[in-house]
Amino acid sequence: MAKELKDIAYGGGLDGRLIDLYVPDGAGSWPLVIWSRGSGWLADTGRDDAEVVARRLNPRGFAVAGLAIRSSAQTRFPGQLHDIEEAIRHLRTNAAAYALDPERVGMFGESSGGWAAALAALTVDGIRAAVPVYPPTDLLSMDAQMLPGTLQEFTRFPGSPYGHDDPESAESRLLGSPLQDRPELARRASPLTYVRPDAPPFLILHGKADRIVPYRQGELFYDALAQAGADVELITLPYADHGPWNDFLTDPRVKRDAVSVVSLDGKKTEPRPCDPTWDTVADFFHRHLM
């Protein structure tokens, strides 16, 4: 059984800035995977499903921290990035008390939580590997990349169609103004902006049938990292929509015909069939955090 430490406050613990920590039993300084669940930045519920991740990764020797950052109703960007920075700083500063290794930290998240994982890995010191699942990576280009017909289906409320550029979209709420009216701020909020040759390794998972965060967002991020010379793998699930995220690793119907492409030292492999599982995620973190 893992040790559970709930409601750990960081940043004063205000506005939902809390962490749930799951640490394997036994002595040692455990490598840490920080998990964040997506909400379109509309809720401070990033800790949700951390126990699911912990059940899979604790037995493999990883501590897991479920991270909640403030919603767009509580703060505008870059407030969310400041929360991520503060949370990681808190966990690393107090690593000895939590039985963590502050030098072996990775990020894992889905949707806006995948955005958090990608952004943290590229901008926050101490992150050594990241697994973003269907992450928004280039906010300004999302509407142009939507699947045919999905822009009309994409609704804020029933019967009220809108796209990512809409003034009431999740991305516009994140910025505090219509997305296309603040292009510089939108670029600052896009992980793609921070791609660099010495980026930590990435494992990206994205479904081609995603009707909310276009598949091209994950593919574009992979291409940019590969071109920069970073180590990155993209697993494409041809039939997967926008979640449920755990199905990407457990449901044969969602995973069927999945394909992996890898770029190491600037050299890309040919696409190859793959079967993404929890072992895929655990092995990735094992290579880069152990």
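Only a predicted model underlies this, so the values are computations on that prediction, with no experimental measurement involved.

A.B. asks: Before we move on, can you summarise the environment of Gln-74 with the specific residues and values?
C.D. replies: Mapped onto the secondary structure, Gln-74 falls in the loop between β4 (63-67) and α2 (79-93). Relative accessible area serves as the criterion here: at 30%, Gln-74 is assigned to the partly exposed category. C-alpha of Gln-74 to C-alpha of Trp-41: the two residues are 33 residues apart in sequence and 9.8 Å apart in space. Within the structure, Gln-74 has its side chain in polar contact with the backbone oxygen of Asp-15 (distance 3.2 Å). Among the polar contacts made by the side chain of Gln-74, one reaches the side chain of Asp-44 at a distance of 3.0 Å.

A.B. asks: Can you lay out unusual backbone geometry for me, pointing to particular residues and giving the numbers?
C.D. replies: A negative phi angle is the norm for most residues apart from glycine, just as the trans form is the norm for most peptide bonds. A cis amide bond, omega 20 degrees, links Phe-77 with the succeeding residue Pro-78. Within the fold, Pro-78 resides in the loop between β4 and α2. Of note in the backbone geometry, Asp-7 takes a positive phi value of approximately 60 degrees without being a glycine. On the secondary structure map, Asp-7 appears in strand β1 (residues 3-9). Unlike most non-glycine residues, Asp-265 shows phi in positive territory, near 55 degrees. Relative to the assigned elements, Asp-265 resides in the loop between β11 (259-264) and β12 (267-268).

A.B. asks: How would you summarise the packing of α2 against helix α4 (residues 112-123) if you had to cite specific residues and measurements?
C.D. replies: Two elements in contact, α2 and α4, have axes separated by 10 Å at closest approach and are oriented at 65 degrees. The angle between α2 and α4 falls in the class roughly perpendicular. Judged by the twist between their axes, the crossing of α2 over α4 is right-handed. Only Trp-115, Ala-116, Leu-119, Ala-120 and Thr-123 of α4 make contact with α2, whose side of the interface consists of Gln-80, Leu-81, Ile-84 and Ile-88. Along the lines of polarity and charge, the residues of the contact of α2 with α4 split into seven nonpolar, two polar and no charged.

A.B. asks: Can you explain the packing of aromatic side chains? Please cite residues and give values.
C.D. replies: Per the counting criterion, the structure on display carries twelve aromatic pairs. With 5.3 Å between their ring centres and 90 degrees between their planes, Trp-41 and Trp-115 make a pair best called edge-to-face. Taken as a pair, Trp-41 in the loop between β3 (30-36) and α1 (50-57) and Trp-115 in helix α4 lie far apart in primary sequence, 74 residues in all. Under the relative-accessibility criterion, Trp-41 is labelled buried at 4%. Through pairs of rings, three or more aromatic residues link up here, namely Trp-35, Phe-62, Phe-108, Trp-245, Trp-278, Phe-284 and Phe-285. The positively charged end of Arg-256 is found above the aromatic ring belonging to Tyr-239, 3.8 Å away from the centroid.

A.B. asks: Break down empty space enclosed by the protein for me, citing the residues and quoting the values.
C.D. replies: All told, the structure shown has two cavities of 30 Å³ or more when counted by the stated rule. Of the pockets and cavities examined, the largest cavity occupies roughly 80 Å³. Around the largest cavity, the lining residues are Ser-36, Arg-37, Ser-39, Trp-41, Ala-43, Gly-46, Ile-69, Arg-70, Gln-80, Ser-112 and Gly-113. Considering only residue class, the lining of the largest cavity consists of three nonpolar, six polar and two charged. What the second largest cavity holds in volume is close to 30 Å³. As for the second largest cavity, its lining consists of Phe-108, Val-133, Leu-205, Trp-245, Phe-248, Leu-249 and Val-281.

A.B. asks: Pulling in residues and values, what's your account of the nonpolar core?
C.D. replies: Generally speaking, a soluble globular protein has its nonpolar side chains buried in company with each other. Counting 60 residues, the largest nonpolar core has Leu-32, Ile-34, Phe-77, Leu-100, Phe-202 and Leu-225 as its most contacted members. The element that contributes the greatest number of residues to this core is α4, accounting for eight residues. Setting aside residues up to four positions removed in sequence, Ile-34 forms contacts with Ala-65, Leu-67, Ile-88, Leu-91, Val-105, Gly-106, Met-107 and Phe-108. Val-33, Phe-108, Ile-235 and Leu-237 belong to the second-largest nonpolar core, a separate cluster that totals 32 residues.

Criteria and cut-off values
- Residues numbered from 1 in each chain as written.
- Predicted model: local features only at pLDDT ≥ 70, side-chain atom pairs only at ≥ 80, totals over all residues.
- Heavy atoms only, no water.
- Helix = DSSP H or I, 4+ residues; strand = E, 2+ residues; numbered from the N terminus.
- Buried < 20%, exposed > 50% of the residue type's maximum accessible area, 1.4 Å probe, protein only.
- Polar contact = N/O pair within 3.5 Å; in protein donor to acceptor, adjacent residues only side chain to side chain.
- Axes fitted to C-alpha atoms, helices over the stretch in contact; angles between N-to-C directions.
- Parallel < 35°, antiparallel > 145°, perpendicular 65-115°, else oblique.
- Left-handed = near helix turned anticlockwise from the far one by under 90°.
- Contact = heavy atoms within 4.5 Å.
- Nonpolar A, V, L, I, M, F, W, Y, C, P; charged D, E, K, R; others polar.
- Phe/Tyr/Trp six-rings, centres within 6.5 Å; stacked < 30°, edge-to-face > 60°.
- Lys NZ or Arg CZ within 6 Å of the ring centre and 35° of its normal.
- 1 Å grid on protein atoms, 1.4 Å probe; cavity = no way out; pocket = protein on both sides within 12 Å on 5 of 7 lines; lining within 4 Å.
- Points joined across faces, edges and corners; volume = space filled by probe spheres on them.
- Core = buried A, V, L, I, M, F, W, Y, C linked by side-chain atoms within 4.5 Å.

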